[in-house]
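# Secondary and tertiary structure notes
Next come the chains, spelled out residue by residue.
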Amino acid sequence: MNKRTATRQGRPLWMFLPGGLLTLVVIAVPLALALYISLLDLDQYSIREWVGAEFIAFDNYVEAVRDSHLVHAIGISIAYSALVTIGCLPLGLAAAIATQDRFKGRGLVRSVLLVPYVLPAFVVGSTWRIILQPDGIANRIFGTEGLWLNGPRSFWALVIVQLWAGWPLVYLLAAAGLQSVDATVHEAAALDGAGPWAKLRYVVLPQLRGPVSLGLLISFLHNVNSFTLPFVLFGVPSPYDVEVLPVLTYVESFQNFEFGLSVAMAVVSLILVAIPLAVYLRAVRLDTGRGPK
Amino acid sequence: MDRRKFVALTAALALGAALTACGNDESGDAGDNSGVTLTMLMGVNNIYPEQQRAWFAEVSDKFKQETGATVRFETFASANDELTKIQTSVVAGQGPDVYALGTTFTPTAYATDAFVELKDDDWNKVGGRDRFLPATLGISGPDKDHEVGIPFASRPFVMAYNKDMLAAAGIDKPADSWDGLRDQAKQLTKAGQYGLAIGYADSFDPWKFIWAMTTQAGTPVVQDGKAALDGANTKLAYQTYLGWLATDKVVDKAAVGWKNAQAIAAFGEGKAAFLPMVSASSKVTLDKSKVAGKYAYAVMPTIPPGATSLPSGGVAATSILSGDNVVVAKYSKHKDLALALVKLLTSEEMQTSYYKTFGELPTNQAAATALGSDPALAAIVESAGKSANTPFTGGWSQVQLALTNVVVQSIPDLSAGRVDDAKLTGLLGQAQTTAQEALDKAK
């Protein structure tokens, strides 16, 4: 105990000041405010004097769970995000491995693969909205009929479009991971008589675990939080099958002016994204500062 | 530095920052206004962006001549942008002095209690309450003594129709009842041509139809703080509106995915005979389309579905009271100057020039009377006079959303060519609950 205090005193803690202050102003204060607002009956009638809004403890949370579509929206958000994340894995890995070896035009191919990822979500949403119209290109090409932007198929439309826009992230991280696999490891494996499949399975993939799982985590969190794409694609009010959490939160705030309720929903979604994040941090031991064992 | 000092310093800094943000420097309007800048927030005009910039400069110059103060215009791109700006300004107590708001948003703005209620004296400063068309004052406040919105532009809804198609079918004029319109639409539907163009996926159009039909039936969706979304006439209105596509087959099936602009485009390509629920701004698009010169505007039907004449208690509303109101922020340090700006904007001269530039009708009585004689505008001016206001309640946005939601969730059935009675009843029940809760909260 004594020893620990001694080492602490030796540290120049004041150097935390700029960063600490920034964290306080940018993260801690707004977060505390958000938590407080989620306990208020804050709406269009009380926004002007918001500090004076009625304190209603956890009523907003009760209302969110009992009377709103929150639980349904969480279900939709998690289900589609998980599907998209799972879908990103084979696509991203395959593309990374396919563009690993040098060939003519590789730079171009690599750039083209990133296009969906760098396009703004608004552009992606508007474009796919046109493609998926009842008389749009998608129905014409696949000979299908009917709706993609409402009804049961809209859920799959969301999965497909989000997958299209999101998979290059996994590709990018996998490609970066591949670069770091030392050439000598490949040589050693080849000398031991490993074929391409064995090399991939026992040499390359284990080394990609770190970057790829980071990619999948970011992808999952990004999907759970994605607002623009579903908003542009389906509009508000959301069709029931694609009523995702961020859009629901938005509607409560900016269409229904139920700010307290909306913030309560936002707090719930914060907890939601914190869970996989905590699992990941635990797994890579970033939280202990000791690095993976 | 030990930890306690560190915490104390951080807290002091944070508090200091907060206090600075709350600070304010009071100053009056009396005397010299040079150097004073007023800010006005307005929606960006995507149809006439350059003209709008020129108009800003013109207003600013004129205002400077009259008062010595300058006006700076800020624009918002969407209703959401606008709302965010209003929210932050209202909470912070600083921001634009004058706002131009959509009429249906005025009750919500009133509910925030952040805008100046106009007393007699204030009305005099904007040139008198009687300079405005009486109908345009319908949504300025809950009653005559509590008005915040000053009418600035009028955009009543009308119906465009294809003159050639109607003539070819031997129809001399559009019907004045919704049932009659449906029958005409059936008559006009043939290969490659539909009777009606409707934007079922629009975020706003659907509720306007339902509002109109139920108001005409004498059973408005909201009356005296009570919602009637689960009433028989509301259901009939939905059945009529959804039935055009599902059962009457007078609307292109693809319209389940259309927004208002796509409905206008379909009409512009000559694929539909009637285009209800458009404002005068559709003229810009239509005059460049294939139907240029072949279409005209008429008021929408005023006899509700299932009726052949206006029922007792029914209001022959041709449109919601639509357009822009301007409001002055309570926190503005230059209230009198702000009112002087509104006076300038609503003067006969400026209103006429605003109409000529942007196609939005004047709210100024004299300017509107002068325009009424133009036959091309007859239907639009008529609709402006026969518009009825949506209920003045802070809960209206929620009611509006609940009404639209019923259509959104009915689209899958609609696409399959049916209006499921049980499902519609269920949706209307939910909408009723949501709407009534919102109205109960209204203060």
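What you see is a predicted model; the values in this text were computed from it and never measured.

Under the definition given, this model contains 31 aromatic pairs over all chains. Between Phe209 of chain B and Trp244 of chain B, the aromatic rings sit 5.7 Å apart at their centres with planes inclined by 80°, giving edge-to-face as the arrangement. Taken as a pair, Phe209 of chain B in helix α8 (residues 205–216) and Trp244 of chain B in helix α9 (residues 232–246) lie far apart in primary sequence, 35 residues in all. Across the pair, Trp244 of chain B and Phe209 of chain B agree in class, each one buried. Judged by its relative accessible area of 0%, Trp244 of chain B is buried. Chaining the aromatic ring pairs together yields one cluster made of Tyr48, Trp55, Phe56, Phe73, Phe152, Tyr354 and Phe358 of chain B. Above the ring of Trp148 of chain A, the side-chain terminus of Arg153 of chain A is found at 4.6 Å from the ring centroid. Lying over the aromatic face of Trp123 of chain B, Arg129 of chain B brings its terminal NZ or CZ to 5.8 Å of the ring centre.

The feature "domain: ABC transmembrane type-1" (unreviewed entry), as given by UniProt, occupies residues 74–280 of chain A in the numbering adopted here. Annotated as residues 74–280 of chain A, this span is 77% helix and 0% strand, and its ends, taken at the C-alpha atoms, are 20 Å apart.

We now examine the domain arrangement of chain B. All names here are of chain B. Segmenting chain B into domains produces domain 1 (31–155 + 321–388) and domain 2 (158–319 + 393–441). Relative placement of domain 1 and domain 2: their C-alpha centres are 29 Å apart. The partner domain 2 presents 19 residues to the 16 residues of domain 1 that form the contact. For the domain 1 and domain 2 pair, buried surface summed over both sides reaches about 1400 Å², with 65% attributable to carbon and sulfur atoms. Considering only the surface of domain 1 that becomes buried against domain 2, Thr104, Ile380 and Ala388 emerge as the three largest contributors, covering 28% of it. Between domain 1 and domain 2 we count four residue pairs in polar contact (both at pLDDT 80 or more) in total.

Before going further, it helps to spend a moment on the domain arrangement of chain A. Residues and elements named next belong to chain A. Domain parsing of chain A yields domain 1 (2–59) and domain 2 (61–284). One C-alpha centre belongs to domain 1, the other to domain 2, and the line joining them spans 31 Å. Listed by partner, the interface residues are 13 residues for domain 1 and twelve residues for domain 2. Together domain 1 and domain 2 conceal approximately 930 Å² of surface at their shared face, both sides included; 66% is due to carbon and sulfur atoms. Considering only the side of domain 1, the residues that lose the most area to domain 2 are Ser38, Phe58 and Asp59, jointly responsible for 41% of the buried surface there. Summed over the shared surface of domain 1 and domain 2, the result is zero salt bridges.

Residues and elements named next belong to chain B. Reading across from one edge, β6-β9-β5-β10 is the order of the four strands in this open sheet, with mixed pairing throughout. The sheet terminates laterally at β6 (194–196) and β10 (295–298), the two strands that pair on one side only. The sheet shows a mean angle of 20° between the axes of neighbouring strands, taken without regard to direction. Across four bridges, the pairing between strand β5 (residues 158–162) and strand β9 (residues 272–278) is antiparallel. Across the sheet, the residue bridging to Met159 is Pro276, located in β9.

Another point: the pairing of strand β4 (residues 150–154) of chain B. The two faces of the sheet receive side chains in turn, since in a regular strand these alternate between them. Residue and element names in this part refer to chain B. Burial analysis of β4 places five of its five residues in the buried class, which makes it a mostly covered element. Sheet topology note: the β4/strand β12 (residues 323–328) ladder contains four bridges and is antiparallel. Bridge pairing in β12 places Ala153 opposite Asp324.

Turning our attention to the pattern of salt bridges. Counted under the stated rule, the structure contains 24 salt bridges over all chains. Two residues, Asp67 of chain A and Arg66 of chain A, come together in a salt bridge whose shortest N-O distance is 3.5 Å. Given the relative accessible area of 64%, Arg66 of chain A is considered exposed. The residue Lys330 of chain B makes a salt bridge to Asp113 of chain B at a minimum N-O spacing of 2.8 Å. Here Asp113 of chain B lies in the loop between α4 (106–111) and α5 (120–125) and Lys330 of chain B lies in the loop between β12 and α12 (335–345), a separation of 217 residues in the sequence. What makes Lys330 of chain B partly exposed here is its relative accessible area of 40%. Linked through salt bridges whose partners overlap, the residues forming this network are Asp41, Asp43 and Glu258 of chain A together with Lys441 of chain B.

With 29 residues, helix α4 (residues 70–98) of chain A extends 42 Å from end C-alpha to end C-alpha; this agrees with the ideal 42 Å at 1.5 Å per step. Cys88 of chain A marks the point of greatest bend in α4 of chain A, at about 25°, and the proline Pro90 of chain A comes within the next four residues.

Formed by 83 residues in total, the largest nonpolar core has its most connected members in Tyr200 and Trp244 of chain B. For this core, the leading source of residues is helix α16 (residues 396–415) of chain B, giving eight residues. Two domains each put at least three residues into this core: domain 1 (31–155 + 321–388) and domain 2 (158–319 + 393–441) of chain B. Once residues within four sequence positions are removed from consideration, Tyr200 of chain B is found in contact with Pro206, Tyr241, Leu242, Trp244, Leu245, Val251, Ala255, Val256, Trp258, Val407, Ile411 and Leu414 of chain B. Among the nonpolar cores identified, the runner-up in size contains 43 residues, and Ile74, Phe220 and Val273 of chain A together with Ala109 of chain B belong to it.

Before going further, it helps to spend a moment on the sheet that holds strand β2 (residues 70–76) of chain B. All names here are of chain B. The five strands lie next to each other as β2-β1-β3-β12-β4, forming an open sheet whose pairing is mixed. Each having just a single partner strand, β2 and β4 make up the two edges of the open sheet. Direction aside, neighbouring strands of the sheet carry axes that sit 25° apart on average. Across the sheet, helix α3 (residues 79–92) touches β1 (37–43), β2 and β3 (98–102), and the angle it forms with β3 is around 140°.

All names here are of chain A. In the numbering adopted here, UniProt assigns the feature "transmembrane region" (unreviewed entry) to residues 12–37, 70–96, 108–131, 155–174, 214–237 and 257–281. Between the end C-alpha atoms of residues 12–37 the distance is 36 Å, and the span holds 81% helix and 0% strand. End-to-end, the C-alpha atoms of residues 108–131 are 26 Å apart, and along that stretch the chain is 92% helix and 0% strand.

About the cut-offs
- Residues numbered from 1 in each chain as written.
- Chains lettered and ligands numbered in written order.
- Predicted model: local features only at pLDDT ≥ 70, side-chain atom pairs only at ≥ 80, totals over all residues.
- Heavy atoms only, no water.
- Phe/Tyr/Trp six-rings, centres within 6.5 Å; stacked < 30°, edge-to-face > 60°.
- Helix = DSSP H or I, 4+ residues; strand = E, 2+ residues; numbered from the N terminus.
- Buried < 20%, exposed > 50% of the residue type's maximum accessible area, 1.4 Å probe, protein only.
- Lys NZ or Arg CZ within 6 Å of the ring centre and 35° of its normal.
- UniProt positions renumbered as here; feature names shortened; annotations may be inferred.
- Domains from an automatic or database assignment.
- Contact = heavy atoms within 4.5 Å.
- Buried area = accessible area lost by both parts, 1.4 Å probe.
- Polar contact = N/O pair within 3.5 Å; in protein donor to acceptor, adjacent residues only side chain to side chain.
- Salt bridge = Lys/Arg side-chain N within 4 Å of Asp/Glu carboxyl O.
- Pairing = 2+ DSSP bridges.
- Axes fitted to C-alpha atoms, helices over the stretch in contact; angles between N-to-C directions.
- Expected span 1.5 Å × (residues − 1).
- Bend = angle between axes of the 7 residues up to and from the residue.
- Core = buried A, V, L, I, M, F, W, Y, C linked by side-chain atoms within 4.5 Å.

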